[in-house]
Amino acid sequence: MTTLIALEHLRKVYGSGETQVVALDDISLAIDHGEFVAVMGPSGSGKSTAMNIIGCLDTPTAGTYRFDGREVTTLDRDARALLRRGQIGFVFQGFNLLKRTTALENVELPLVYRGVARAERRRLARDALAKVGLEGREGHSQAELSGGQQQRVAIARAIVTAPALLLADEPTGNLDSERSRDIMTLLAGLNRDAGITIVMVTHEPDMAAFARRRVRFLDGRILADERLAS
Amino acid sequence: MIGAAAVLRMALVELGRNPMRSGLTTLGIVIGIAAVIALVTLGQGASASITNTISGLGRNLVIVSPGNARQGGPPQAAAPFKLGDLRAIEREVSGIAAMAGVGILAVNAVLGNASYATSAFGSELSYLAVREWPLSAGRVFDEGEMRSGKAVCIIGQTLVRELFGAQDPLGVAIRVGGTSCQVIGVLSPKGQSIVGQDQDNVVLLPLTTFQRRLAGNTDISTIMVSAASPDLTTKVQEDIRSLLHERRRVPPGKQDDFQVNDLSEIATIVGGVTVILTALLGAIAAISLLVGGIGIMNIMLVSVTERTREIGIRLAIGALEREVLAQFLAEAVLLSLIGGLIGVALGLGLSYAGTRVLALPFIVDPLVVAGAALFSGLVGVGFGFFPARRAARMDPIEALRHE
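Residues numbered from 1 in each chain as written. Chains lettered and ligands numbered in written order. Predicted model: local features only at pLDDT ≥ 70, side-chain atom pairs only at ≥ 80, totals over all residues. Heavy atoms only, no water.

Undergrad: What am I meant to see in the overall build of chain B here?
TA: The helix and strand inventory of chain B stands at 13 helices and 10 strands. Taking 2.2 N^0.38 as the reference for a compact globule, 403 residues should give roughly 22 Å; the C-alpha atoms of chain B span a radius of gyration of 33 Å, well beyond that estimate. Counting only C-alpha atoms and orienting by the principal axes, one finds that chain B spans roughly 105 × 55 × 40 Å. The 403 residues of chain B split such that 46% are buried. When contacts within chain B are restricted to residue pairs at least 6 apart in sequence, those whose partners lie at least 24 apart make up 79%. Taken together, the 32 basic and 31 acidic charged side chains of chain B have centroids lying 2 Å from each other. (Helix = DSSP H or I, 4+ residues; strand = E, 2+ residues; numbered from the N terminus. Rg over C-alpha atoms; globule rule 2.2 N^0.38 Å. Buried < 20%, exposed > 50% of the residue type's maximum accessible area, 1.4 Å probe, protein only. Contact = heavy atoms within 4.5 Å. Lys, Arg positive; Asp, Glu negative; His and termini not counted. Charge placed at Lys NZ, Arg CZ, Asp CG, Glu CD.)

Undergrad: Could you clarify how one ought to interpret the sheet that holds strand 2 (residues 21-32) of chain A in this entry?
TA: Strand pairing in a sheet is mediated by backbone hydrogen bonds. Such pairs are either parallel or antiparallel. Residues and elements named next belong to chain A. Sheet architecture is open: 4 strands sit in the order 2-1-4-5, paired in antiparallel fashion. The outermost strands of the open sheet, each flanked by one partner alone, are strand 2 and strand 5 (70-71). In this sheet, strand 2 lies alongside strand 1 (residues 3-14) in antiparallel orientation, the contact comprising 9 bridges. Along strand 2, the bridge assignment pairs leucine 10 with isoleucine 27. (Pairing = 2+ DSSP bridges.)

Undergrad: Can you help me understand the pairing of strand 8 (residues 197-201) of chain A in this one?
TA: Put simply, side chains in a regular strand alternate between the two faces of the sheet. Residues and elements named next belong to chain A. Of all 5 residues in strand 8, 5 are buried, a share of seventy percent or more. Bridge analysis of strand 3 (residues 36-40) against strand 8 gives 4 bridges, and the strand direction is parallel. Among the inter-strand pairings, valine 39 is bridged to a residue of strand 8, identified as valine 201. Bridge count for strand 7 (residues 165-169) against strand 8 is 5 bridges, and the pairing is parallel. Across the sheet, aspartate 169 pairs through a bridge with valine 201, a residue of strand 8.

Undergrad: Even after reading the chapter, I still don't get the side chain of threonine 179 of chain B, so can you show me in this structure?
TA: Structurally, threonine 179 of chain B is set in strand 7 (residues 179-187). Discounting residues that sit within four places of it in the chain, threonine 179 of chain B has contacts with Ile174, Arg213 and Leu214 of chain B.

Undergrad: What exactly am I supposed to notice about the pattern of salt bridges here?
TA: As a working rule, side chains carrying opposite charge can pair if their charged atoms are close by. Within this structure, the stated rule accounts for 37 salt bridges over all chains. Between arginine 179 of chain A and glutamate 178 of chain A there is a salt bridge, with the nearest N and O atoms lying 3.9 Å from each other. Among the ionic pairs, arginine 248 of chain B bridges to aspartate 257 of chain B, the shortest N-O distance being 3.1 Å. Given the relative accessible area of 26%, aspartate 257 of chain B is considered partly exposed. (Salt bridge = Lys/Arg side-chain N within 4 Å of Asp/Glu carboxyl O.)

Undergrad: Any chance you could explain the confidence of the model for chain B here in plain terms?
TA: Do not read the fine detail of predicted coordinates wherever pLDDT is low. On average, chain B scores 86 in pLDDT, and the residues at 70 or more come to 97%. Within chain B, the lowest mean pLDDT, 82, falls on helix 9 (residues 263-306) of chain B, and the highest, 93, falls on helix 10 (residues 308-316) of chain B. (pLDDT = per-residue confidence, 0-100.)

Undergrad: Which parts of the structure should I look at to understand the state of the cysteines?
TA: In protein structure, a disulfide is the covalent linkage between the sulfur atoms of two cysteines. Counted according to the given criterion, the structure contains 0 disulfides over all chains. With no disulfide of its own, cysteine 153 of chain B lies closest to cysteine 181 of chain B among cysteine sulfurs, the gap being 3.2 Å. (Disulfide = S-S within 2.5 Å.)

Undergrad: Help me understand the sheet that holds strand 10 (residues 221-227) of chain A, please; the structure alone is not making it clear to me.
TA: Residue and element names in this part refer to chain A. Across the sheet, which stays open at both edges, the 6 strands sit in the order 6-7-8-3-9-10 with mixed pairing between neighbours. Since the sheet does not close on itself, it has two edges, and those belong to strand 6 (88-91) and strand 10, each with one partner. Strand-to-strand twist in this sheet, taken as the mean axis angle between neighbours without regard to direction, amounts to 15°. Both strand 3 and strand 9 (residues 213-218) contribute to a ladder of 4 bridges, which runs parallel. Of the residues in strand 9, the one forming a bridge with valine 39 is valine 215. Taken strand by strand, helix 5 (residues 147-159) contacts strand 6 and strand 7, and its axis lies near 170° from that of strand 6. (Axes fitted to C-alpha atoms, helices over the stretch in contact; angles between N-to-C directions.)

Undergrad: For this particular structure, what's the right way to read the packing of helix 3 (residues 103-114) of chain A against helix 4 (residues 118-131) of chain A?
TA: When two helices pack together, their arrangement is given by the angle between the helix axes and the distance between those axes. All names here are of chain A. Across the interface, helix 3 lies against helix 4 with an axial gap of 9 Å and an inter-helix angle of 120°. It follows from the interaxial angle that helix 3 and helix 4 lie oblique. When you trace helix 3 past helix 4, the crossing you get is right-handed. For the pair formed by helix 3 and helix 4, the contact residues are Ala103, Leu104, Val107, Glu108, Leu111 and Val112 on the first element and Arg121, Arg122, Leu124, Ala125, Arg126, Ala128 and Leu129 on the second. In the contact of helix 3 with helix 4, the residues fall into 9 nonpolar, no polar and 4 charged. (Parallel < 35°, antiparallel > 145°, perpendicular 65-115°, else oblique. Left-handed = near helix turned anticlockwise from the far one by under 90°. Nonpolar A, V, L, I, M, F, W, Y, C, P; charged D, E, K, R; others polar.)

Undergrad: For this particular structure, what's the right way to read the interface of chain A and chain B?
TA: Interface extent is often summarised as the accessible area lost during association of the parts. Listed as interface residues are 24 residues of chain A and, on the opposing side, 27 residues of chain B. Of the roughly 2,300 Å² buried where chain A meets chain B, counting both sides, 54% is carbon and sulfur surface. Taken together, the connections running from chain A to chain B amount to 3 salt bridges. In this structure, arginine 85 of chain A engages glutamate 323 of chain B in a salt bridge whose closest nitrogen and oxygen atoms are separated by 2.6 Å. Of all elements in the fold, only helix 2 (77-87), helix 3 and helix 4 of chain A reach the threshold of two or more residues within the side of chain A that touches chain B. Sort the elements by how many residues they give to the side of chain A that touches chain B and helix 2 of chain A lands first, with 6 residues. Its residues assigned to classes, the side of chain A that touches chain B shows 11 nonpolar, 3 polar and 10 charged. (Buried area = accessible area lost by both parts, 1.4 Å probe.)

Undergrad: Please clarify how the packing of helix 3 (residues 83-92) of chain B against helix 8 (residues 233-247) of chain B should be interpreted in this entry.
TA: All names here are of chain B. With their axes 11 Å apart at the nearest point, helix 3 and helix 8 run at an angle of 135° to one another. With respect to helix 8, the element helix 3 is oriented oblique. At the point where helix 3 passes helix 8, the crossing takes the right-handed sense. Contacts between helix 3 and helix 8 involve Gly84, Asp85, Ala88, Ile89 and Glu92 from the former and Ile240, Leu243, Leu244 and Arg247 from the latter. Looking at the contact of helix 3 with helix 8, its residues break down into 5 nonpolar, 1 polar and 3 charged.

Undergrad: What is the right way to read the pairing of strand 10 (residues 258-262) of chain B from this model?
TA: All names here are of chain B. Within strand 10, 4 of the 5 residues are buried, which leaves it mostly tucked inside the rest of the structure. Pairing geometry for strand 1 (residues 61-66) and strand 10, over 5 bridges, is antiparallel. Across the sheet, proline 66 pairs through a bridge with phenylalanine 258, a residue of strand 10.

Undergrad: Explanation requested: the nonpolar core in the structure shown.
TA: In globular proteins that are soluble, nonpolar side chains generally tend to be buried together. Residues Ile5, Tyr65 and Leu165 of chain A are the most contacted members of the largest nonpolar core, which totals 76 residues. The element that contributes the greatest number of residues to this core is helix 11 (residues 321-358) of chain B, accounting for 9 residues. Among residues more than four places away in sequence, those in contact with isoleucine 5 of chain A are Leu29, Ala30, Ile31, Ile54, Tyr65, Arg66, Leu165 and Val199 of chain A. In terms of nonpolar packing, the next biggest core, distinct from the first, is built from 39 residues, Val116, Ala128, Leu186 and Ala208 of chain A among them. (Core = buried A, V, L, I, M, F, W, Y, C linked by side-chain atoms within 4.5 Å.)

Undergrad: What is the right way to look at the environment of serine 49 of chain B in this model?
TA: Residues and elements named next belong to chain B. Along the chain, serine 49 falls in helix 2 (residues 19-55). Judged by relative accessible area, serine 49 falls into the partly exposed class, the value being 21%. Each C-alpha atom, one on serine 49 and one on asparagine 113, is 38 Å from the other, the two residues being 64 residues apart in sequence. Not counting residues up to four positions away in its chain, the partners in contact with serine 49 are Leu360 and Pro361.

See below:
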């Protein structure tokens, strides 16, 4: 297996002087293609900061980050946007669908920025919605979908571009346990069948159990990194 | 990179999601553009109407009259012109297309029991050429009538109305200042002069007839000269002035006892006033456009704040800064352009109604219409840029956290 994410001696410091906060303190982490990693830890442990850097939404103060062998810490804002556009899908706790917009249009959005033609866009978006089990709901807007369905739309939006990496930030945080398990089963299936690398932040051990590797953060450091036998 | 068509479609879809707000936002631009179009069109109509009135007096007209109003004090009696002066100008001054000496007398025109106060004009045939005044019926004087001073006349529309009503005046004899003369022609309507005089209240007689039967002298009150081209009016004016200065033997150091006026001077002054007025009204209207632009900026800023999360999502999934900028700029430009187009239509409608009410010509200047539409687009760019840049520069992490 080749390495997809390689973090080396990563530091992230907010503010300066006396108000300085060290969010990440010398983090090194390697994640291979095809892994399903659960990132755990209390709030303020630095896991969200790490996720933002892995997702190329933020840059570290020091250290290096290579994505699929490519140094990304030195990339400018537009280059990082292009990397996200091509390689990374995001799933958020709060779903973050566009309001007053149909499921299909939401899923099409990343393809719009990729310059995919309309008909092709439609087809890919329908396929992605089918993969998350939402056939027949293409025309529904956010308000007409349940929480679980909204998160499925968000997952379809994240995978419609066939990204190398799917970043999920507490994807089940707003869902009841039954819906949560559905979503986790879906993510595990995408990881297994489509080979999408998944890095997921979660508080809940039940959900982390779906992953095959657990990384625990505490006070800006990695406390534990355990692989589970599948 | 995402295409212009996609950006426009995205902007249109966004505006369509909130039609009420979009409509209200464009209102400022609608009113601003409508005001500019209406005021400028009305101003141009008024200007054209005034120019028409002035040129209605005659083309490149130079008017020579005895006396000098510029001296101040009570008007002094100055010797009238004679036919000799006329002939001398004809002979000595070049660049003249047509000229006519006119004798003028206030008289009553009488037919049966009807009597109407009017002006009797005695002149040569060239008078109608200088005034560019065609007949609407009948014929002009012939050579014989001119020479022998026959009692014939041509009357204006007002006299036709007041004396004859619906009756045909041709061939009928009327009394003009005590002299009976036969109506042989009717002048076409000319309307009011620039000083509000009814130009159609006139009876025209051959100069000889006028001098022998009405005035009882050989005086000529006014000489009207039509220069061959607008550039020549000044030269013609100067030449006439120096010629008459000599002929009338004005003593050295004394002012001329006659004046030579150029109507284009009046036209220039009046035209200048209208241009200033139009510009002033246009400027006031432009201020309302500015206010409309600020309205758009306001709403776009609110919209950007309200859609912070959406912007975060777009940025996270890989929208470039300039793509987000383009989207929000496109929304602002579309808002103001649509407002501009509605404003143009409304403005044209209003000015059409206005010109009808004020009896002015309805003149649409395509340059003003195109300029207004273009300007509304520029307002969108100008006032949409700041909010759009704010959207584009957002930090996606912060934006996604926004409640």
